[in-house]
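Breakdown of the fold
The primary structure of each chain is shown beneath.
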Amino acid sequence: MMNEVIQTSLARLQIMKAKALAALRKGENYELRTELNSEYKERRKEAVRRVIANMTVGKDVSGLFTDVLKNMHTDDLEIKKLIYLYLINYAKTQPDLVILAINTFVKDAEDSNPLLRALAIRTMGCLHVQEVLDYLCDPLRKCLADANPYVRKTAVMCVAKVYDLNRAVAEENGFVDAVRGALADSNAMVVANSVSALSEMSAMAGGRGDVWRLDTATVGTLLTAVNECAEWGQIAILEALAEYRPASEREAEGVCERVLARLQHANGSVVLTTVRLLLRYEQYVKRADLLAQFAKKMVPPLITLLASEPEIQYVALRNINLIPQRHPQLLSKEIRAFFCKYNDPIYVKYEKVDVLVRICSGSNVDALLNELKEYAKEVDVDFVRCAVQAIGRLTLRHEAAADKAVDVLVELLQLRADHVVQIAAVVLTRILRRYPRSQFAATVVQALCEHADCIREPDARAALVWALGEYSEHVAGAAGRLSGVADGLVEDDSGVQLALLGAVVKFFLKNPQQGQQLVVRVLKTATEKCANPDVRDRAYIYWRLLSADPAAAKTIALSERPPCRDDVPALPEPLLAELIAELGCVSSVLQKPARQFVYARTDRAGVPRGVAGANDCDDDDDDASAHPAAPGAAAIAADGEPELLIAL
Amino acid sequence: MASSVFLLDLKGKPLIARDYRGDIPLAAIDRFMPLLQEREDEEGTGLPVLTENGVTYLHLREKDVYLVALTRKNASAMTLLQFLHHLCKVLTEYFNALEEESIRDNFVIIYELLDEMMDYGVPQITEPKILQEYITQESHILEIMPRPPLAVTNAVSWRSEGIVYRKNEVFLDVVESINMLVSPTGAVLSSDIRGAIKMKVYLSGMPELRLGLNDKVMFESTGRTAKGKAVEMEDIRFHQCVRLSKFESDRTISFIPPDGEFELMTYRLNAQLKPLILCESVVESHRGRIEYMVKAKAQFKQRSTASGVEITVPVPSDADSPKFKTTVGSVKYVPERQAFVWKMKQFQGGKEALLRAHFGLPSIRDDDPERRPPIAVKFEIPYFTTSGIQVRYLKIVEKSGYQALPWVRYITKNGDYQLRMPDPSTSATSRLPPI
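As the structure is a prediction and not an experimental result, all values here were calculated from the model.

Our next topic: the overall build of chain A. Scanning chain A from terminus to terminus reveals 37 helices and 0 strands. Counting only residues that meet the buried cut, chain A has 47% of its 648 residues in that class. Nonlocal contacts in chain A, meaning residues at least 24 apart in sequence, comprise 69% of its contacts between residues at least 6 apart.

Next comes the structure, spelled out in structure tokens:
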């Protein structure tokens, strides 16, 4: 009885609590409104803070626009800044009401304190409201000519904002000219911001140089300014200089020589932008000794970037990846700097392995193979695949490495760790396809047969079957093994089926006595029972070939095939040049041209073009860039498909 | 350049959202977390650069906070990530720690900082010392409101005028960290020295400093012969206060320092080094037990002594009932790190120390390959630099003409110092004597 009473009262209490909470939620804006209009200054201040806090977490407080604005005329800097922030977020939604704020802005822009003048100009530019523009012009004109460099550097940036909103206004009022003039400002930071603003406006105008074109005199000013401004300004100036086409060879050399010192800067972006400039200027500088000297100077700072935070390392590595495709030998001595640390994030490890394969030269291939062997013993399955794959790629590039690589891979097979065996088997047969007449063929085939019971995945089994057909003379009982695979033919993966067809035909041609029964059985099953049309077709072709002209069959099936090629993905030259010209940018990190992920805006709100855009971006992915994090992935798939068409 | 910058909690909810260009709707940030997780599932990695629907998300994580920059242009990824790191540093300097709680408590000032540090998506000023001069936690009345310090736009953007100290002093610490990767057989796979010259500057006014090192390139170019050893530094990087063009032309390091603590320069030497502390280990794994023998050797000069030596040896995750015996120092099993740690307060050059460890293993174990982390070594060797770098002089000139004392200290310590473990031998005959 008692319990029941308690239960019901508890339940009632809970309902009441829920109601109260709901009322509170509904009324939060109402309550804030009252507080914003409070007669006490402290309460109004607290209310403004709460409005901003709500705005940050995504609650809609746009309804409080007029109430917030009432507090704008204040002598409290904190409140002022918070209200400006509120305006930046909501001005677009209530453009007609923004006019109420203009007075305060205009007054602030004439304040005696430069901090306040700059704040007003900066914020007005961020409102993105056409209506504000008319009121912005006068204060902006004054601020562009302000005595204080802090105000000037803010004002030149504001011109870019105005230009974005309304080009005509920016040009007719002479603002763009004023920014061009500011390139000669006595203050380096104003110069740097003018460069940023002009580059932005130039890009908005389509980058054709209508807004701004560098000339020899300006380049001189910029080269002086780069020594004087802070790190971010240096980046802006270096980026602009990288875009410049020098008038003469002598000028190009001069620019390179004067920016070389930037390679010593602590900020990685200053370093990388300098490298970008140097690589771009390679087309203008003709003197070989200078080019070699510049290239050599780039190396140590690039290596030092590898000691940065992991995210910076990642971006650095993605960019370093491009450099050996232009300068194959440049980094080859630095191979040890790219060895993976145990605690590197996995995305850094992938990139390091990819770079390692690219920069390795014949002389240090042994050291790298030892290192890759260590990686192949790690626990992360994908990374192990990547490491074994890298051993394969390295071997396809450097014949001298083949013996050692085969030793390493056979040793890995002997570990009998499932994931290692699969990929090692595939890679070993690839090496055989590259060096078919090699002395280690016997070793490889025997090792594969020894661990045949562990070879499980379709790719790996297809590789084994291919090796059995190709090198049946090196193993005892090849017929028995092929026959074993033939037993499960119908259910097998089509890759294995195709491999088996090729293998039994080759085996039969080499050992007509032993192979006859097997080849008939396989061809019969394949043509009658296999569902895959490719497999059936291939089987018919072999069958007719064998019955029509055995001698021709022999020359075709057992002919010497072109060795398989080096499969380290290389970017096509125009794309490579484009990415190197954008070194450090998102495009060179993704290794995709910018047009694939930067869409033209459709409206001011900047809603992306949507799904359609995303799709065609995916479609024209080229292989090299499809999986930035797993360089191995694409090639594994390519491996899996045995090259039986060539085998014919 | 950046369109907006966000600070997010671990679930991806915005703590701070600052829109700089208005060309990406703020709601786009809601896609960040799903995108990151999707990629994590696919590739096992949370890449720092992600793209979707024309928006590029660049991020890094600090404790329980994500710092994210969004852009819809082909902006410089390197610049934006560097900016986020600088933002991280500034916020840490302001609030001692950058974590969710400190951000919630200080969101007002963080918005002020973001407003000052970036304009229209272009980084402006990120020097914490200077920002602290005019963006402070106390609120201001307009009349006494701070003005932007001259330093913000000056050529010397890192130091304000009018600093006064009663006693003018400079402390120089030359710290060399040894990065080393050693194979199970004791062969050095890669090694380098990362040096840093750190300064603590307590000087009045606008002092001009000039630092002289035994820099080989400089000696050669001036035709001077060094008395002792000269060091060839491979890659030198300077704090932005150092006049790079001056260094490029005649290798002098001249600068007006920031006030207080900062890192003047870092350098790298790619020397083939002998491991300063080498650990040779033998591991034997038998049914139900695993045994270790580790021999540590201090391979540096006898007159130096390493202090705070800590050798961390990984063991299987299911190891139990540890037994240890050492000739020097103490050993502790740390199950949560799956390792035992051998500590030696002092380890003199040329000496050797031996450790034996024995662990029980469950008799039934799965055959999955074990993770094989390397042995990690921590140490510090005071009054010693591996490279032999020396400060030859530090000249301090200020127009008021005061005398200032430079103090110099040298120290070598471990950087990323990893020694790979050998595979456990499983032979029936034990080579290790019982403990």
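All names here are of chain B. The strand order across the open sheet built from 3 strands is S12-S10-S22, with neighbouring strands paired in antiparallel fashion. Only two strands of the sheet have a single partner each, and these edge strands are strand S12 (253–255) and strand S22 (391–397). Going across the sheet, the axis of each strand differs from the next one's by a mean of 15 degrees, ignoring polarity. Direction of pairing for strand S10 (residues 208–213) relative to S22: antiparallel, over a ladder of 6 bridges. In the strand pairing of S22, Leu211 is matched with Leu394.

Another point: the packing of helix H29 (residues 512–529) of chain A against helix H30 (residues 533–548) of chain A. Residues and elements named next belong to chain A. Running from amino to carboxyl end, H29 crosses H30 at an angle of 140 degrees, the nearest separation of the two axes being 8 Å. Relative to H30, the element H29 is oriented oblique. Note on packing geometry: the crossing formed by H29 with H30 is left-handed. Of the residues in H30, those in contact with Leu523, Ala526 and Thr527 of H29 are Val535, Arg536, Ala539, Tyr540, Tyr542 and Trp543. Each residue belonging to the contact of H29 with H30 can be placed in one class, and the counts come to 7 nonpolar, 1 polar and 1 charged.

Further remarks concern helix H6 (residues 95–108) of chain A. Residue and element names in this part refer to chain A. For H6, built from 14 residues, the straight-helix expectation of 20 Å at 1.5 Å per residue is met to within 8% by its first-to-last C-alpha distance of 20 Å. Roughly 45 degrees is the biggest bend found in H6, and it falls at Ala101. All buried positions along H6 are accounted for by Val98, Ala101, Phe105 and Asp108.

Turning our attention to the pairing of strand S23 (residues 405–419) of chain B. Residues and elements named next belong to chain B. Where strand S8 (residues 169–182) and S23 come together, 13 bridges link them in parallel fashion. Bridge pairing in S23 places Ile178 opposite Asn414. In this sheet, S23 lies alongside strand S21 (residues 375–382) in antiparallel orientation, the contact comprising 5 bridges. If you follow Ile375 over to S23, its bridge partner there is Leu419.

Turning next to the interface of chain A and chain B. With 95 residues of chain A at the contact, the number on the chain B side is 81 residues. A per-class count over the side of chain A that touches chain B returns 51 nonpolar, 20 polar and 24 charged.

In this section: the domain arrangement of chain B. Residues and elements named next belong to chain B. What the domain assignment reports for chain B is domain 1 (4–147) and domain 2 (158–363 + 371–435). One C-alpha centre belongs to domain 1, the other to domain 2; they are set 33 Å apart. Among the residues making up the side of domain 1 that touches domain 2, the classes are represented as 1 nonpolar, no polar and 3 charged.

Time to look at the confidence of the model for chain B. One rule of thumb: low pLDDT means the predicted coordinates there are not for detailed reading. Residues with a pLDDT of 70 or more make up 92% of chain B, whose mean pLDDT is 87. Predicted complex, confidence summary: ipTM 0.84, pTM 0.82.

This paragraph deals with unusual backbone geometry. Residues and elements named next belong to chain B. For Asn96, which is not glycine, the phi dihedral falls at a positive 70 degrees. The residue Asn96 is located in the loop between helix H2 (77–95) and helix H3 (100–105) in this model. Of note, the phi angle at Arg251 is positive, near 60 degrees, even though the residue is not glycine. In this fold, Arg251 is placed in the loop between helix H7 (244–250) and S12. Here Arg251 falls in the partly exposed class, since 18 other C-beta atoms lie within 10 Å of it.

So, about the packing of helix H18 (residues 310–320) of chain A against helix H20 (residues 346–359) of chain A. Pairs of packed helices are described in terms of their axes, by the angle between the two and the distance that separates them. Residues and elements named next belong to chain A. Packing of H18 against H20 leaves a shortest axis separation of 9 Å and a crossing angle of 25 degrees. Relative to H20, H18 is oriented roughly parallel. Judged by the sense of rotation from one axis to the other, the crossing of H18 with H20 is left-handed. Listed contacts from H20 to Pro310, Gln313, Tyr314, Leu317, Arg318 and Ile320 of H18 are Tyr347, Val348, Glu351, Lys352 and Val355. Considered class by class, the residues forming the contact of H18 with H20 number 7 nonpolar, 1 polar and 3 charged.

Bringing the domain arrangement of chain A into the picture now. All names here are of chain A. If you check the domain split of chain A, you get domain 1 (214–305) and domain 2 (310–359). Taken over C-alpha atoms, the centre of domain 1 sits 23 Å from the centre of domain 2. Across the boundary between the two partners, domain 1 contributes 7 residues, which contact 10 residues of domain 2. Of all the elements in the fold, those that place two or more residues in the side of domain 1 that touches domain 2 are helix H16 (268–281) and helix H17 (288–305).

Residues and elements named next belong to chain B. Within the secondary structure, Met206 sits in the loop between strand S9 (188–202) and S10. Note on Met206: 16 C-beta atoms within 10 Å, which makes it partly exposed. Linking Met206 and Ala2, residues 204 residues apart in sequence, is a C-alpha distance of 35 Å. Residues in contact with Met206, not counting those within four places in the same chain, are Arg159, Glu161, Ile256 and Glu398.

Criteria and thresholds
Residues numbered from 1 in each chain as written. Chains lettered and ligands numbered in written order. Predicted model: local features only at pLDDT ≥ 70, side-chain atom pairs only at ≥ 80, totals over all residues. Helix = DSSP H or I, 4+ residues; strand = E, 2+ residues; numbered from the N terminus. Buried ≥ 20, exposed ≤ 12 C-beta atoms within 10 Å, placed from the backbone. Contact = placed C-beta atoms within 7 Å. Pairing = 2+ DSSP bridges. Axes fitted to C-alpha atoms, helices over the stretch in contact; angles between N-to-C directions. Parallel < 35°, antiparallel > 145°, perpendicular 65-115°, else oblique. Left-handed = near helix turned anticlockwise from the far one by under 90°. Nonpolar A, V, L, I, M, F, W, Y, C, P; charged D, E, K, R; others polar. Expected span 1.5 Å × (residues − 1). Bend = angle between axes of the 7 residues up to and from the residue. Domains from an automatic or database assignment. pLDDT = per-residue confidence, 0-100.

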